[in-house]
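# Fold and contact review
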Amino acid sequence: GVAKRKSISRPFANAVPSLYAIDKRGSSPCKTACPAGTSASGYVALIAEGRFDEAYRVASEPNPFPSVCGRICTHSCESACARGEVDEPVAIAALKRFVADRVGPDIVVEKAPVIHSEKVAIVGAGPAGLTCARDLAKLGYQTTVFEALPVAGGMLKTGIPDYRLPKDVLGREIEQVASLGVEIKTGQRAGKDFTVDGLLADGYGAAFLAVGLQKSSEVKIAGAELEGTLRAVELLRRLNLGEQVSVGDRVIVIGGGNVALDAARSAIRLQKASGREPDVTLAYRRTRAEMPALDEEVEQAIDEGLKIELLVAPLEIAGEKGRVSALKLQRCELGEPDSSGRRRPVPIEGDLVELPADNVVFAIGQDIVGDFLQGCEGVRVENSQIRIDRD
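What comes next concerns the included structure. Predicted model, so just to flag it, every value in this text is computed and none were measured.

## Some remarks on helix α3 (residues 52-60)
Within α3 the residues assigned to the buried category are Phe 52, Ala 55, Tyr 56, Val 58, Ala 59 and Ser 60. Where α3 is buried, its residues meet α2 (40-48), α4 (66-72), α6 (92-103), α7 (127-138) and α9 (167-179).

Printed below as a string of structure tokens:
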């Protein structure tokens, strides 16, 4: 039989009778999947044509850190890529990294003209605060960013190890934001060195709170007070700020996310740097399939010597003379899915394991540091989120 062409209704159909109309509706799946709404198909197509400058503009339009995303992004765009239904997804993140490294160093950013009388204060110089500052500067607002730490960049600077995100690459993109005329004041902690209400009284028309999650979640487990227990966020911050950090011969990291992997791989490198054989174990309460960390991160960590204990939940940290000596774990099996959609670990009665350890590192979530609420009338925090009235 002869296949019938599906009729396409289009306005003014008789104007060009032989022309087929292509009607584009919605966004590509990669753009829809991107939390920043980046037009991945746009810059990939421009790269394919060798139009690298334009590709960089498209990649950096919704996000001032294309080099960062080309290196450490979880690239949900690739998971959604329609090409994956044919063979494998387009290497979107690698292409973004290529064009950002190719074009980014030569970008000259000129100061944006200030056209509005209102000034905006931004609390926190992490990716959210700096993105807000850049976007407002382009709209013609004078912005000042107040940062508690001595360096700008937030978790990009103090939470990601150098081997994943070189500091010169990050520094270049932060400098591009500053070049627009954004003032960045470091060593300024909200609630201590200034208050948000004080900023508003001093003439700022608005304040944007981008304080992030700057501390590890509280740990409720026997032995958590022993010397040798560490918190992943604080450990990584000390390393990234250039402080002297040492770990023992046997390290156990509790968690399964990217922060846990970063802490574990950093511990391995610290052990190797001091001439020791790496002995670092990741303890995770679900299976490898449920692990939130990027699969390539896990593979690279295993290649470096990481050991992984799956389906184990921490019960107690044992100690000798006030120091960590072992971690007691409960073996689990997976039950029904919980609110996160992942199967819930269920204890197997009587099935316990004890692993010797010199350090136990907790990487089981992050919390907001609430000191910025001093002098911040009307703002409240619930479950580590700033509660807002959308009206």
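## Considerations on the nonpolar core
Ranked by internal contacts, the top residues of the largest apolar core, which has 24 residues, are Val 251, Val 253, Leu 261, Val 280, Leu 282, Leu 306 and Val 361. Those elements giving two or more residues to this core turn out to be α11 (232-240), β7 (251-254), α12 (258-273), β8 (280-284) and α13 (295-304). Element by element, the count of residues in this core is highest for α12, at 7 residues. Ignoring anything within four residues of it in the chain, the contact list for Leu 306 reads Leu 261, Ala 264, Ile 268, Val 280, Thr 281, Leu 282 and Ala 301. The next biggest cluster of nonpolar side chains, apart from the first, holds 22 residues, and it includes Val 68, Ile 72, Leu 165 and Leu 170.

## Some words on the side chain of Asp 338
Note on placement: Asp 338 falls in the loop between β11 (323-337) and β12 (343-356). What Asp 338 contacts, discounting residues up to four positions off in sequence, is Arg 286 and Arg 344.

## A few points about the pairing of strand β10 (residues 312-320)
Summarising the sheet, β10 and β11 pair through 8 bridges and their orientation is antiparallel. Bridge assignment links Pro 314 to a residue of β11, and that residue is Leu 329. In textbook terms, the turn of a hairpin is the stretch between consecutive antiparallel strands, and for β10 and β11 this stretch comprises 2 residues, one of which, Lys 321, has a positive phi near 55°.

## Observations concerning the sheet that holds β12
Spatial ordering of the open sheet is given by β10-β11-β12, a layout of 3 strands whose pairing is antiparallel. If you trace the sheet from one side to the other, it starts and ends with β10 and β12, each paired once. Sheet twist, expressed as the mean angle between neighbouring strand axes with direction ignored, is 15°.

## Observations concerning the pattern of salt bridges
Counting across every chain of the model gives 25 salt bridges. In this structure, Arg 83 and Asp 87 form a salt bridge, with 2.6 Å as the shortest nitrogen-oxygen distance. Residue classification places Arg 83 among the partly exposed positions, given a relative accessible area of 41%. Asp 87 gets classed as partly exposed once you look at its relative accessible area, which sits at 48%. Two residues, Asp 295 and Arg 288, come together in a salt bridge whose shortest N-O distance is 3.1 Å. The exposure class assigned to Asp 295 is partly exposed, which follows from its relative accessible area of 48%. Given the relative accessible area of 27%, Arg 288 is considered partly exposed. One network of salt bridges, in which partners are shared, links Arg 164, Asp 262, Arg 265, Arg 269, Glu 297 and Glu 304.

What counts, and where the lines are drawn
- Residues numbered from 1 in each chain as written.
- Predicted model: local features only at pLDDT ≥ 70, side-chain atom pairs only at ≥ 80, totals over all residues.
- Heavy atoms only, no water.
- Buried < 20%, exposed > 50% of the residue type's maximum accessible area, 1.4 Å probe, protein only.
- Helix = DSSP H or I, 4+ residues; strand = E, 2+ residues; numbered from the N terminus.
- Contact = heavy atoms within 4.5 Å.
- Core = buried A, V, L, I, M, F, W, Y, C linked by side-chain atoms within 4.5 Å.
- Pairing = 2+ DSSP bridges.
- Axes fitted to C-alpha atoms, helices over the stretch in contact; angles between N-to-C directions.
- Salt bridge = Lys/Arg side-chain N within 4 Å of Asp/Glu carboxyl O.

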